[in-house]
Amino acid sequence: MHFNTKLIHGGISEDQETGAVSVPIYQTSTYRQNGIGQPKQYEYSRSGNPTRFALEELIKELEGGYQGFAFASGLAATHAVFSLFQTGDHILLGDDVYGGTFRLLHQVFEKSGLRYTLVETSKPETITAAIKPETKAIFLETPTNPLLKITDIAQVVKIAKAHDLLTVVDNTFATPYFQKPLQLGADIVIHSATKYLGGHSDVVAGLAVVKDETLAKKVGFMQNAIGGVLGPHDSWLIQRSIKTLALRMEAHQSNALKVAEMLAEHPAVNEVYYPGLTSHRGHEIARKQMTGFSGMISFELKNEANVSPFIEGLKIFTLAESLGGVESLVEVPAIMTHASIPQDIREKAGIKNGLIRLSVGIEHADDLLSDLQTALQKAGV
Ligand SMILES: Cc1ncc(COP(=O)(O)O)c(C=O)c1O
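We now turn to the structure provided with this report. Everything numeric in this text was worked out from a predicted model, so none of it was measured. (Residues numbered from 1 in each chain as written. Predicted model: local features only at pLDDT ≥ 70, side-chain atom pairs only at ≥ 80, totals over all residues. Heavy atoms only, no water.)

Attention shifts here to the sheet that holds strand S9 (residues 296-301). If you walk across this open sheet you meet the five strands as S8-S9-S12-S11-S10, and the pairing is mixed. Across the chains shown, the open sheet's two edge strands, defined by having one partner strand only, are strand S8 (269-273) and strand S10 (318-319). Where S9 meets strand S12 (residues 356-359), four bridges bridge the pair, whose relative direction is antiparallel. Among the inter-strand pairings, Ile 297 is bridged to a residue of S12, identified as Leu 358. Docked against the sheet, helix H10 (residues 245-265) engages S8, S9 and S12, running at close to 15° with respect to S9. (Pairing = 2+ DSSP bridges. Helix = DSSP H or I, 4+ residues; strand = E, 2+ residues; numbered from the N terminus. Contact = heavy atoms within 4.5 Å. Axes fitted to C-alpha atoms, helices over the stretch in contact; angles between N-to-C directions.)

So, about the nonpolar core. Membership of the largest hydrophobic core comes to 82 residues, with the highest contact counts inside it found for Leu 263, Ile 297, Phe 299, Phe 310 and Leu 358. For this core, the element with the most residues is H10, which contributes eight residues. No fewer than three residues from each of domain 1 (3-242) and domain 2 (246-378) sit in this core. Here Leu 263 is in contact with Val 269, Val 272, Ile 297, Phe 299, Leu 358 and Leu 376, once residues within four sequence places are set aside. Residues Phe 85, Leu 93, Ala 208 and Val 210 belong to the second largest nonpolar core, which totals 31 residues. (Core = buried A, V, L, I, M, F, W, Y, C linked by side-chain atoms within 4.5 Å. Buried < 20%, exposed > 50% of the residue type's maximum accessible area, 1.4 Å probe, protein only. Domains from an automatic or database assignment.)

This paragraph deals with the packing of aromatic side chains. Scanning the entire structure with this criterion turns up seven aromatic pairs. Ring geometry for Phe 82 and Phe 139: centres 5.3 Å apart, planes at 50°, overall tilted. Of this pair, Phe 82 sits in helix H3 (residues 74-82) while Phe 139 sits in strand S4 (residues 135-141); the two residues are 57 residues apart in sequence, bridging distant segments of the chain. Side by side, Phe 82 and Phe 139 carry an identical accessibility label, which is buried. When the ring of Phe 102 is compared with that of Tyr 116, the centres are 5.9 Å apart and the planes differ by 85°; the resulting orientation is edge-to-face. Residue Phe 102 is found in helix H4 (residues 99-109), and its partner Tyr 116 is found in strand S3 (residues 115-119); the two are separated by 14 residues along the sequence. For the pair Phe 102 and Tyr 116, a shared accessibility class is recorded, and that class is buried. (Phe/Tyr/Trp six-rings, centres within 6.5 Å; stacked < 30°, edge-to-face > 60°.)

What follows deals with the site of the ligand. Among the 13 residues in the neighbourhood of the ligand, the closest are listed as Gly 74, Asp 170, Ser 192, Thr 194 and Lys 195. Within the contact set of the ligand, an oxygen atom lies 3.0 Å away from a side-chain nitrogen or oxygen of Asn 145. Within the contact set of the ligand, an oxygen atom lies 2.7 Å away from a side-chain nitrogen or oxygen of Lys 195. Protein chains bury 91% of the 390 Å² of accessible surface belonging to the ligand in isolation. Among the residues making up the shell around the ligand, the classes are represented as four nonpolar, six polar and three charged. (Near = heavy atom within 4 Å. Polar contact = N/O pair within 3.5 Å; in protein donor to acceptor, adjacent residues only side chain to side chain. Areas by Shrake-Rupley, 256 points an atom, 1.4 Å probe, with all protein chains shown as cover. Nonpolar A, V, L, I, M, F, W, Y, C, P; charged D, E, K, R; others polar.)

Here we come to the pattern of salt bridges. Oppositely charged side chains can form a pair if their charged atoms are brought close together. Inspection of every chain in the model, using the stated rule, returns 12 salt bridges. Across the pair Glu 56 and Arg 52 runs a salt bridge, and its minimum N-O distance is 3.2 Å. One end of the pair, Glu 56, and the other, Arg 52, are both in helix H2 (residues 50-63), four residues apart, so they sit about a helical turn from each other. A salt bridge links Asp 152 to Lys 288; the shortest N-O distance between them is 2.8 Å. Remark: Lys 288 occurs in helix H11 (residues 283-289) and Asp 152 occurs in the loop between S4 and helix H6 (153-162); sequence separation between them is 136 residues. Here the residues in one salt-bridge network are Asp 95, Glu 120, Lys 123, Lys 149 and Arg 281, joined through shared partners. (Salt bridge = Lys/Arg side-chain N within 4 Å of Asp/Glu carboxyl O.)

This part is about unusual backbone geometry. With an omega dihedral of -10°, the bond running from Thr 142 to Pro 143 counts as a cis peptide bond. With respect to the helices and strands, the residue Pro 143 is situated in the loop between S4 and H6. Cis rather than trans, the peptide bond between Asn 145 and Pro 146 has omega equal to 15°. Note on placement: Pro 146 falls in the loop between S4 and H6.

Okay, structure coming up:
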């Protein structure tokens with residue numbers, strides 16, 4: 001079955017009982033048991049729910065994994081995965097990951113004795129030097145948020161396997177439509193399904209997919225023991241959204257390329273970060289491991305003082321956190337999504353105060369280009 005067909009018919013895509021072509025929303029917390037100690041397939045909705053299971057089966061198929069898990073947010077999925085490790089263990093964390101992922105390790109897990117080192121995963125040669133005897137895993141994003149750095153997943157996996165480490169990839173920016181980390185050798189994939197998978201800026205959700213049974217047992221235990229599960233209605237919304245993922249991702253990408261090319265030529269713009277541009281440092285690796293470049297762009301203006309007037313001049317791009325919805329958004333990572341990372345660490349990773357991030361939506365490209373050009377002109381740049 002082709003991937004685009006799987007988006008619609010993959011996993012459990014209809015109701016076995018009635019033939020309804022949309023999986024019902026099983027809005028129930030518990031299930032009648034056949035007798036004492038004789039539950040049917042489901043016992044209690046934290047442990048399992050048919051609507052959530054349909055989504056979990058779907059994401060498992062789309063990523064090509066052994067089992068999928070749905071959580072109340074992307075960070076709840078990441079929390080369950082970090083919970084696989086013990087006090088004293090050490091994790092290598094990409095230096096340009098989502099600020100909340102950094103905060104989770106730095107301010108929550110470090111308190112219970114999990115250690116980490118930041119590494120520039122887009123330069124895999126730096127990884128080996130950071131590995132310690134206690135290192136258990138490497139956690140990375142590619143493309144990264146917000147600098148769109150590209151990491152060669154297969155190369156990192158090679159290093160990880162040689163040192164018996166798990167490779168965990170946050171695939172939020174690419175989605176399985178453009179990139180399948182498990183097929184490149186990764187062990188666990190994480191998503192903030194709040195973003196492209198949800199696609200309409202109306203649900204907060206997270207997903208994880210593991211490559212084998214051993215990891216499935218461990219993550220499944222954490223999902224149930226910690227309890228940050230996705231509710232049935234939100235599970236249904238994510239499954240419904242995934243049906244149009246192919247159309248949306250193509251539209252995001254096509255618009256983003258036009259926007260990136262326009263910005264790269266604009267005299268007021270200093271640097272554009274978009275892996276689809278041939279000038280991007282990670283372009284060749286992105287071409288090798290992805291089938292497209294998605295819809296996220298970051299850029300810097302030559303004059304940082306113009307950032308506020310530029311953003312105030314935008315009419316279609318909405319100033320808001322989050323990304324991956326049909327509507328175009330703009331934000332300043334250092335002040336918004338990545339403010340939880342201390343300034344010195346942020347700057348070391350290259351996230352300047354004036355960096356602007358765009359989530360390019362699926363509106364008409366001409367309207368987006370004209371919105372950006374008008375705002376740049378109004379800002380006097
Ligand atoms: C790449 C990435 N991973 C994880 C997360 C966390 O996801 P959530 O906000 O759904 O908890 C985000 C949120 O912005 C993100 O951008």
